[in-house]
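# A structural walkthrough
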Amino acid sequence: MTRTLPVLATTAALLLAGTVAASTAGAAPAARPGPGAGTNPGSAQYVRQAPTAHPLVIAHRGASGYRPEHTTAAYELAVAMGADYIEPDLVMTRDGVLVDRHEPEISGTTDVADHPEFADRRTTKVLDGVRTTGWFTEDFTLAELRTLRAKERLPQIRQENTLYDGRYPVPTFAEVLALREKLSREYGRPVGIIPEIKHSTYFHAQGLDPETALMKLVRRYSLNRPDAPLWVQSFELTNLVALRRDHGYRANEVFLASGSGAPFDLQSTGDPRTYADLLSPAGLRGLARTVDGIGPDKNLVIAREADGSLGAPTGLVGAAHAAGLAVTPYTFRAENTFLPTDYRVGTDPADFGRAVDEDVAFMRVGVDGLFCDQPDICVTARKQFLGRD
């Protein structure tokens, strides 16, 4: 298997145009009340920024196509490749610290199974209605978690990434925020951050409060303002509403949506709304009272045909824009196994296919950004889309 990393030559103007708080694209922002305005005198006032003229390149868990995800190395490489935003997933330790892992269950992303001192921590829990066996961050203090090292989550597909197994600790959210500031200074441009609060309902049931912990850090790093290069995202809706209403959160929010099912917070309270309901025209107008954008599964933006090939646009982008929402679909990956069948090259699922062409196809539909495992490929696609290649 042969891979060649594209050479990056993104201009400073292009990068700066796509970074500042999802960019204003020259439009004047309009103030609007937060959720609960009129019934809650303390509701925050905040500003929606206009969608960017240049699609954002969002480094999905860092440059996770080249380094183990959610490591400082992955974030540093992503920014070097031209990413506008870095994306940490946030879970919690037993002592209430936000740390950066894909899920609370960490056997696939750390070497915890190689630590005999933690063998008795292996357990089975019900995570959003699904029985899950492994080791969970909320059963570890931060000091204990610090003894672990990150590893590649998809070693069969990303064998090259396993070269870096065992080299990096699990970072805290505070450390990633500090790294964002450092990288912004080093590269002379604002690097944005788009953290995802994972499984909020689950953690609250464990007596933990990720939203309060997040707000402390957002304020500490002076990011609680409408023009901050910050978007908080979640597959749940209740916590996004609570951030606005109860915590005074003023930066941007993204509601993430799966291609099927429903948010667990709604399921757990008997609310019948599904992701499909929430992404309907009426649902989008309702979301726009709280959030600033949606992050849908990319197949909800351009459908797949029965044979797995890329189909036609669904109209979701236009409907979301009509409601005043930005659209940043996930996840764009270069390996054949993740691409539409007509964009694959060869038969090896781990080989790279026509990823640039797929990225450009979505940019032409009008998306405001892409979550990318290989940020350099998305930067190359953006240059082509903008006619700067």
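Let me begin by describing the structure that accompanies this report. (Residues numbered from 1 in each chain as written. Predicted model: local features only at pLDDT ≥ 70, side-chain atom pairs only at ≥ 80, totals over all residues. Heavy atoms only, no water.)

## Things to note about unusual backbone geometry
Quick note on the threshold: Counting from the N terminus, the helices are the DSSP runs of H or I reaching at least four residues and the strands are the DSSP runs of E reaching at least two. Three exposure classes are used, based on accessible area relative to the maximum for each residue type with a 1.4 Å probe and protein chains only: buried under 20%, partly exposed in between, and exposed over 50%.
In this structure, the amide linkage connecting Y330 to the following residue, T331, adopts the cis form with an omega of -20 degrees. You can see T331 is positioned in the loop between β16 (326–327) and α12 (355–365). Of note, R61 is a non-glycine position whose phi angle comes to about 60 degrees, a positive value. Positionally, R61 belongs in the loop between β3 (56–60) and α2 (72–80). Using a relative accessible area of 8% as the deciding quantity, one classes R61 as buried. One non-glycine residue, S222, lies in positive phi territory at about 55 degrees. Mapped onto the secondary structure, S222 falls in the loop between α6 (210–220) and β11 (231–234).

## Comments concerning the sheet that holds strand β17 (residues 369–372)
To be explicit about the condition: Two strands qualify as a pair provided that DSSP identifies no fewer than 2 bridges between them. The contact criterion used is simple: two residues touch if any of their non-hydrogen atoms lie within 4.5 Å. Axis definition: a line fitted to C-alpha atoms, over the contacting stretch in the case of helices. Angles run 0 to 180 degrees between N-to-C directions.
Here 4 strands make up an open sheet; going across it, the order is β9-β4-β3-β17 and the pairing parallel. Of all the strands in the sheet, the pair left with one neighbour each is β9 (192–193) and β17. Two elements, β3 and β17, share 4 bridges in a ladder whose sense is parallel. Across the sheet, the residue bridging to V57 is L370, located in β17. Sheet strands in contact with helix α13 (residues 375–385) are β3 and β17, and its direction is about 170 degrees off that of β3.

## Thoughts on the side chain of D376
This is how the line gets drawn: Throughout this description, a polar contact denotes any pair of N or O atoms lying within 3.5 Å of each other; where both atoms belong to protein, one of them has to be capable of donating a hydrogen while the other can accept it, and for residues adjacent in sequence the pair is counted only when both atoms sit in side chains.
As for its position among the elements, D376 is in helix α13. Engagement of the side chain of D376 in a polar contact is seen with the side chain of Y66, the distance being 2.9 Å.

## A look at the packing of aromatic side chains
Using the following cut-off: In summary, the pairing rule links any two rings of Phe, Tyr or Trp, Trp by its six-membered ring, whose centres are within 6.5 Å, and it sorts them by plane angle into stacked for under 30 degrees, edge-to-face for over 60 and tilted for everything else. Criterion for a charge above a ring: Lys NZ or Arg CZ within 6 Å of the ring centre, and within 35 degrees of the ring normal.
Applying the stated rule across the entire model yields 6 aromatic pairs. Centre to centre, the rings of F255 and Y275 are 5.9 Å apart; their planes meet at 40 degrees, and the pair counts as tilted. On the criterion of sequence distance, the pair formed by F255 in strand β12 (residues 252–257) and Y275 in helix α9 (residues 275–278) is long-range, its members being 20 residues apart. The two residues F255 and Y275 agree in class, both being buried. Here the aromatic rings of F332 and F362 are separated by 4.9 Å at their centres, their planes lie at 80 degrees, and the arrangement is edge-to-face. Taken together, the residues span a long stretch of sequence, with F332 in the loop between β16 and α12 and F362 in helix α12 at a distance of 30 residues. Three or more aromatic residues joined by ring pairs form one cluster here, namely F235, F255, Y275 and Y330. Geometry around F332 places K298 over its ring, the cationic atom sitting 4.9 Å from the centre. Between the NZ or CZ atom of R354 and the centre of the ring of Y343, over which it lies, the distance is 4.3 Å.

## Quick look at the pairing of strand β15 (residues 310–313)
When strand β14 (residues 302–304) meets β15, the two strands line up antiparallel, connected through 2 bridges. Looking at β15, one finds that I302 is bridged to P313. Between β14 and β15, which pair antiparallel and follow one another directly, the connecting turn spans 5 residues, one of which, G308, has a positive phi of 90 degrees.

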